[in-house]
Amino acid sequence: QVHLVESGGGLVQTGGSLRLSCTTSRYILDLSVMAWYRQAPGKQREMVARLTVGETTMYADSVKGRFTISRDNQKNTLYLQMNTLKPEDTAVYYCATDRYGLNRWEDWGQGTQVTVSS
């Protein structure tokens, strides 16, 4: 099992920025794919951004051009830089791993709350 710990959430005004961090208990390059998901109240969990070990990224249409996923291999940490935040970005954000690239999201963090005020 891979232990994931997120941090960096908080309350921000519309148009503001936040950077989320997710630290892994395993060497990050041993994990084929990592992603950020979010879940807003009353809505299904959705993938926000993903990053493969080969540096391929993918973003949800709703965050393209505003969010950037990246990692620091030395720190075993995944990041999500969120700019130009909107109230609809309000959600609990989760870090997850697909260890072998099989589209099986086996490990999840505890989540970090992001609230964007209008």
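Relevant structure appears above.
1. Overview of unusual backbone geometry
Inference 1: A positive phi angle, near 50°, is found at N76, a position not held by glycine.
Inference 2: With respect to the helices and strands, N76 occurs in the loop between β7 (67–72) and β8 (77–82).
Inference 3: The class for N76 is buried, based on a relative accessible area of 18%.
Inference 4: If you check the backbone angles, T84 has positive phi at about 50° while not being a glycine.
Inference 5: Along the chain, T84 falls in the loop between β8 and β9 (91–98).
Inference 6: The partly exposed category is assigned to T84, whose relative accessible area is 47%.

2. Observations concerning the nonpolar core
Inference 1: With 28 residues, the main nonpolar core has W36, L78, L80, M82 and Y93 as its most contacted residues.
Inference 2: Listing elements by their share of this core, those giving two or more residues are β3 (18–24), β4 (33–39), β5 (46–52), β7, β8, β9 and β11 (112–117).
Inference 3: With residues near it in sequence (within four places) discarded, L78 still touches L20, S21, C22, I28, M34, A35, W36, L51, I69, S70, R71 and C95.
Inference 4: One finds V33, Y37, Y94 and W105 within the second-largest nonpolar core, a separate group that totals six residues.

3. Quick word on the sheet that holds strand β1 (residues 4–7)
Inference 1: Here four strands make up an open sheet; going across it, the order is β1-β3-β8-β7 and the pairing antiparallel. Looking at the sheet topology across the chains shown, the edges are occupied by β1 and β7. Within the sheet, the average angular offset between the axes of one strand and its neighbour, ignoring direction, is 15°.
Inference 2: Pairing geometry for β1 and β3, over four bridges, is antiparallel. Paired with V5 across the bridge in β3 is T23.

4. Some thoughts on the environment of D98
Inference 1: Examined against the element boundaries, D98 turns out to sit in strand β9.
Inference 2: For D98, a relative accessible area of 2% gives the class buried.
Inference 3: Setting aside residues no more than four positions away along its own chain, D98 makes contact with S32, V33, N103, R104, W105 and E106.
Inference 4: A distance of 3.2 Å separates a polar atom in the side chain of D98 from the backbone nitrogen of G101.
Inference 5: Polar contacts involving the side chain of D98 include one to the main-chain amide nitrogen of L102, which spans 3.0 Å.

Rules behind the numbers
- Residues numbered from 1 in each chain as written.
- Predicted model: local features only at pLDDT ≥ 70, side-chain atom pairs only at ≥ 80, totals over all residues.
- Heavy atoms only, no water.
- Helix = DSSP H or I, 4+ residues; strand = E, 2+ residues; numbered from the N terminus.
- Buried < 20%, exposed > 50% of the residue type's maximum accessible area, 1.4 Å probe, protein only.
- Core = buried A, V, L, I, M, F, W, Y, C linked by side-chain atoms within 4.5 Å.
- Contact = heavy atoms within 4.5 Å.
- Pairing = 2+ DSSP bridges.
- Axes fitted to C-alpha atoms, helices over the stretch in contact; angles between N-to-C directions.
- Polar contact = N/O pair within 3.5 Å; in protein donor to acceptor, adjacent residues only side chain to side chain.

Just distances and angles here, no functional claims.
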